[in-house]
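# Summary of the model geometry
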Amino acid sequence: MIGRIESASAASSIWIAPGWLDIQVNGYAGHDVNAPDVTPEVIIALTHSLWQRGVTAFCPTVITESEEAICHSLHAIAAACEADSRVAHSIPCIHIEGPAISPEDGPRGAHPIEHVRVPSLVEYHRWQMAAKGRVGLITLAPEYPQACEYIRALHADNVVVAIGHTAANAEQIQAAVNAGACLSTHLGNGAHAQLKRHPNYIWEQLAEDRLAASVICDGHHLSPSVMKAMLRAKGTERAILVSDAVAIAGLTPGIYDTSVGGRVELLPGGRLNLYGTPLLAGSVSSLPECLANVLRYTDVTLAEAVRMASTNPARLLGLDERAKRGTVRSGRSADLTLFRFDAETKAIIIEATIVQGEVVYQRHE
């Protein structure tokens, strides 16, 4: 549900939406969740930066690395939550993307191959110790022989399990869903450059109604036609907008050295490439930019787009009933995003962000 505060002209109306929730954020504005020297202060600063983009809550996303590096990031996030209760509210859980992903070029994406490994429940429990129990979403490739046992154990521990960075066949995908997997992570990306026409793992996940799907609508990871086809196939009730933003998001164009992926180049058009190549090195869009792109390139309504950035991810994480988040109505958590929307250009301007009833960001002319 969204509402509009009318003013003298429709163009200047302010829309009120449930707080936007980004379940996949690697970093933003120079703050890197996966940096080897990440501190609780970095996580707190990242949270404040995302408030400025209308994001009231997010899942810091820790990617494939050594167990020591993963646990270092988890510890920093947990310490940030313990130091600031409003930051803790804005981080409903941590997303670990990997390390049990496909080792193949293409599906592996930018994840370092030397740290790809089989799923381990023993390691998972060490993650939870480092994170003080805050790991709530894990992405993995279901083609490992241990995958179904791993998924069932995570599901029993109330962790959301996602399929991603995979080269799995239809049977392996179905087995994972039967074991409890309920999400496809950034569907259409983390895939081979060329696929068999059919069957393939993208079609299988699109057709599986028990899987929700997150999509990166930055205009680079998915072309407009693919974006439209995927949302029509999956349906807006099962689609979730994510930024998958990296630390360079929000910075000026230029050449940067990163902790993940090495040297990259941010082009003026908002595309981030591995330096000297045409290959994507990550997303530099924030959630409102992804939401605007959905409205530009597909036939979804503003209300549907907002649900994909708020109500749907809240439901996925179980926050709709347990934490009263994801909708605007009496008795719910006062997490709200206020924005202006230009129906002609589809541009979105964040006016204010409210977390737990407190204005944490307000735009000034």
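Before any of the text, the structure's been laid out above.
What comes next is a walk through the structure. (Residues numbered from 1 in each chain as written. Predicted model: local features only at pLDDT ≥ 70, side-chain atom pairs only at ≥ 80, totals over all residues. Heavy atoms only, no water.)

### Describing helix H5 (residues 147-156)
Count 3.6 residues to each turn of an α-helix, and residues three or four apart come out pointing the same way. Inclusion rule: The cut-offs for exposure are 20% and 50% of the maximum accessible area for each residue type, with area from a 1.4 Å probe on protein chains only; residues under the lower value are buried, those over the upper are exposed, and the others partly exposed. Counting from the N terminus, the helices are the DSSP runs of H or I reaching at least four residues and the strands are the DSSP runs of E reaching at least two. The arc refers to the directions leading from the helix axis to the C-beta atoms.
Within H5, the full set of buried residues consists of Ala147, Cys148, Tyr150, Ile151 and Leu154. Along H5, the residues classed as buried sweep out an arc of 160° about the axis, all on the same side. The exposed set on the far side of H5, more than 90 degrees from its buried face, consists of Glu149 and Ala156. Following H5 by one or two positions, asparagine 158 adopts a phi angle in the positive range, close to 65°.

### A few points about the pattern of salt bridges
Test applied: Salt bridges are defined as contacts in which a side-chain nitrogen from Lys or Arg sits within 4 Å of a carboxyl oxygen from Asp or Glu.
Following the criterion strictly, the structure yields 14 salt bridges and no others. Among the ionic pairs, glutamate 123 bridges to arginine 117, the shortest N-O distance being 2.6 Å. On the accessibility criterion, glutamate 123 (6% relative accessible area) is buried. Among the ionic contacts, a cluster of salt bridges with common partners joins Arg340, Glu351 and Arg363.

### Thoughts on the side chain of glutamine 24
Put simply, the test is: Contacts between residues were defined by any pair of non-hydrogen atoms, one from each residue, lying within 4.5 Å.
Structurally, glutamine 24 is set in strand S3 (residues 20-25). Beyond its immediate chain neighbours, meaning those up to four positions away, glutamine 24 contacts Cys59, Thr61, His95, Glu97, Thr185, His186, Ser214, Val242, Ser243, Asp244 and Ala245.

### A few points about the packing of helix H8 (residues 224-234) against helix H9 (residues 287-297)
Formally: Every axis in this analysis is a line fitted to C-alpha atoms, fitted for helices over the stretch in contact. Angles between the N-to-C directions lie between 0 and 180 degrees. Should an angle fall under 35 degrees it is called roughly parallel, over 145 degrees roughly antiparallel, and 65 to 115 degrees roughly perpendicular, with every other angle called oblique. Asp, Glu, Lys and Arg are counted as charged, while Ala, Val, Leu, Ile, Met, Phe, Trp, Tyr, Cys and Pro are counted as nonpolar; the rest, among them Gly, fall into the polar class.
It is the contact of H8 with H9, at a shortest axis distance of 9 Å, that shows an interaxial angle of 90°. Between H8 and H9, the angle falls in the class roughly perpendicular. Residue-level contacts link Pro224, Met227, Lys228 and Leu231 of H8 to Asn293, Val294 and Tyr297 of H9. Across the contact of H8 with H9, the residue classes break down as five nonpolar, one polar and one charged.

### Quick word on the packing of helix H1 (residues 40-51) against helix H2 (residues 67-83)
Inclusion rule: Crossings are assigned a handedness: left-handed for a near helix turned anticlockwise from the far helix by less than a right angle, right-handed for a clockwise turn.
With their axes 7 Å apart at the nearest point, H1 and H2 run at an angle of 65° to one another. On the basis of the axis angle, H1 is roughly perpendicular to H2. At the point where H1 passes H2, the crossing takes the right-handed sense. Across from Pro40, Ile43 and Ile44 in H1, the residues of H2 making contact are Ala76, Ile77, Ala79 and Ala80. Looking at the contact of H1 with H2 residue by residue, the class counts come to seven nonpolar, no polar and no charged.

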